[in-house]
Amino acid sequence: MNQSLSFNAFFNPESIAVIGASNIEGKMGNLFIRHLLDGFPGKIYPVHPTESRILEIKAYPDVSSIPGSIDLVIPLIPSMMLIDFLGSCPKEKIKFLLAIPSGFGEVPKGGKDLEKKLICLAKERSIRVIGPNSVGMLNCTYGLNASMMPAMPSGAKGLSIITQSGGFGMAVYMYCQNHQMGLSKLCDLGNTADISLLEMLNFLGHDDDTRIIGLYLESIPDEELFLARANEIAEKKPVILTKLGRTQAGRRASFAHIGINSVGKGDGGGSDRKDQGRVIWAQTGLEMLNISKGLSWQPLPRGKRVGIITGSGGIGAELTDLCVEHGLEVPEFSEKLQE
């Protein structure tokens, strides 16, 4: 199945149900409904056991009461309540579950078992799960803020980001706001318990609105396969990768965050393959965003040859050194061009 079609109901849903919707300002269930009201063009179904209306929208006591199927469900309830909720869901009623709650695989005692139960219940009901332990998702070109982000950056055909860190998602939002840079899509896969990095990468590789792919990853289960596919996609559009857990201490920190062992070759981040293929490796998330900003202004050059035009001889010499030290070539201009 074409990945762009299979994820359409997630990134471009026609209907969204919010479990744990609230009229109380400051509650997550209130925040998410407000975000959806600020641009989402589809149907919004707040779910609350007793309230008849949430922010002037008709509310439903449970998912079964909502007419028809639902493209995307966003639960804003504790982990055990989410398990109970899934257990009560009709089969084939929901296509995607954006699991915001934490308390699953990243929790040392019992978390992994609870996460397995979550995914098992979802599979029995033909539901694909993003997360859990996710900050949410943005599709800025569609007007969809299904996340904890205070607002959306301006939508633009350009950069889309896959992350396993909600904090980095917040940093992307602030960077785009401060640098007036448009964003197409952002998805925090959290613990990546069901929908895989490779599936999401394939989707962005086919997505017409995505012209640059940013990856901020803590654990890549099948790193060799993933990097091979990333390099294939990078032949058509730039792919920039920041791989965390490059050191033993970093891997410990990553495991405490998302509960997945980060295993790589060399230094733990695939460093022995950084010079192979077309994936651009960035050491930090900020470096990835800076590269993305440059690529949003100008596409990747065809080769390594650089011409420098400057009004300052000293700055020209500085730029020349920097280019050469980073593997670029600064050839001498022909006499005709110099004239």
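Relevant structure appears above.
Residues numbered from 1 in each chain as written. Predicted model: local features only at pLDDT ≥ 70, side-chain atom pairs only at ≥ 80, totals over all residues. Heavy atoms only, no water.

Engineer: When you look at the pairing of strand β10 (residues 155-163) in this model, what are you seeing that I'm missing?
Structural biologist: Each regular strand shows side chains that alternate between the opposite faces of the sheet. Of the pairings in the sheet, the one linking β10 to strand β11 (residues 183-188) comprises five bridges and is parallel in character. The residue of β11 that forms the bridge with Gly155 is Leu183. With helix α6 (residues 166-178) bridging β10 and the parallel β11, this β-α-β connection has right-handed handedness. For β10 and strand β12 (residues 210-217), the ladder comprises six bridges, and the chain directions are parallel. (Pairing = 2+ DSSP bridges. Helix = DSSP H or I, 4+ residues; strand = E, 2+ residues; numbered from the N terminus. Right-handed = clockwise from strand over helix to strand, strands pointing away.)

Engineer: Can you walk me through the nonpolar core in this structure?
Structural biologist: Proteins that are soluble and globular tend to have nonpolar side chains buried together. Membership of the largest hydrophobic core comes to 47 residues, with the highest contact counts inside it found for Phe10, Ile74, Leu98, Met137, Ile162, Met200 and Leu215. In terms of residue count, helix α7 (residues 197-206) provides more of this core than any other element does, five residues in total. Here Ile74 is in contact with Ile16, Ala17, Val18, Ile19, Phe32, Leu98, Ile100 and Ala146, once residues within four sequence places are set aside. Ranked by size, the runner-up nonpolar core spans 26 residues in total, among them Ile19, Ile66, Ile119 and Leu121. (Core = buried A, V, L, I, M, F, W, Y, C linked by side-chain atoms within 4.5 Å. Buried < 20%, exposed > 50% of the residue type's maximum accessible area, 1.4 Å probe, protein only. Contact = heavy atoms within 4.5 Å.)

Engineer: What exactly am I supposed to notice about a nonpolar patch on the surface here?
Structural biologist: On the surface, Ile309, Phe333 and Leu337 cluster together to form a nonpolar patch covering roughly 350 Å² of accessible area. Residue position: Leu337 is located in helix α12 (residues 335-338). Assessed through its relative accessible area of 56%, Leu337 is described here as exposed. (Patch = residues over 30% accessible without salt bridge, like charges linked within 9 Å, V, L, I, M, F, W, Y side chains within 5 Å. Areas by Shrake-Rupley, 256 points an atom, 1.4 Å probe, with all protein chains shown as cover. Salt bridge = Lys/Arg side-chain N within 4 Å of Asp/Glu carboxyl O.)

Engineer: How do you make sense of the pattern of salt bridges when you look at a structure like this?
Structural biologist: Once their charged atoms are close, side chains differing in charge can pair, the charge on each being opposite to the other. The full count for this structure, using the stated rule, is eight salt bridges. Between Arg125 and Glu124 there is a salt bridge, with the nearest N and O atoms lying 3.3 Å from each other. On the basis of relative accessibility, which here comes to 10%, the residue Arg125 falls in the buried class. According to the relative accessible area criterion, Glu124 is partly exposed, its value standing at 42%. One salt bridge in this structure joins Lys185 and Asp207, with 2.8 Å as the shortest N-O distance. Within this pair, whereas Lys185 is found in strand β11, its partner Asp207 is found in the loop between α7 and β12, the two being separated by 22 residues in sequence. Taken as a pair, Lys185 and Asp207 share a single burial class, namely buried.

Engineer: Is there a simple way to think about the environment of Ile57 in this case?
Structural biologist: Examined against the element boundaries, Ile57 turns out to sit in strand β4 (residues 57-58). Residue Ile57 is classed as buried on the basis of its relative accessible area, which comes to 17%. Taking the C-alpha atoms as reference points, Ile57 and Leu37, 20 residues apart in sequence, are found 9.9 Å from one another. Residues within four places of Ile57 in sequence aside, it is in contact with Ile33, Leu37, Ile44, Pro46 and Ser52.

Engineer: Sorry, what's going on with the packing of helix α4 (residues 79-88) against helix α5 (residues 111-124) here?
Structural biologist: Pairs of packed helices are described in terms of their axes, by the angle between the two and the distance that separates them. Contact geometry of α4 with α5 gives a least axis separation of 9 Å together with a crossing angle of 20°. Judged on the interaxial angle alone, α5 and α4 are roughly parallel. Crossing handedness for the pair α4 and α5: left-handed. Contacts between α4 and α5 involve Ser79, Met80, Leu82, Ile83, Leu86 and Gly87 on the former and, on the latter, Leu114, Lys117, Leu118, Leu121 and Ala122. (Axes fitted to C-alpha atoms, helices over the stretch in contact; angles between N-to-C directions. Parallel < 35°, antiparallel > 145°, perpendicular 65-115°, else oblique. Left-handed = near helix turned anticlockwise from the far one by under 90°.)

Engineer: Where do I start with the sheet that holds strand β6 (residues 94-98) in this structure?
Structural biologist: Taken together, five strands build an open sheet; the order of strands is β2-β1-β5-β6-β7 and the sheet is parallel. In the strand order of this sheet, the two ends are held by β2 (43-47) and β7 (128-130), each with one partner. Strand-to-strand twist in this sheet, taken as the mean axis angle between neighbours without regard to direction, amounts to 20°. Alignment of β6 against β7, held across three bridges, turns out to be parallel.

Engineer: Is there a simple way to explain the pairing of strand β1 (residues 15-19) in this structure?
Structural biologist: Across the five residues of β1, five count as buried, placing the element largely inside the fold. By the alternation rule, side chains of β1 split into Ser15, Ala17 and Ile19 and Ile16 and Val18, which are all buried. Pairing of β1 with β2, which is carried by five bridges, proceeds in the parallel orientation. Across the sheet, residue Ala17 finds its bridge partner in β2, namely Tyr45. Traced from β1 through helix α3 (residues 28-37) to β2, the parallel crossover comes out right-handed.

Fair warning: the whole summary comes from geometry, so function is off the table for now.
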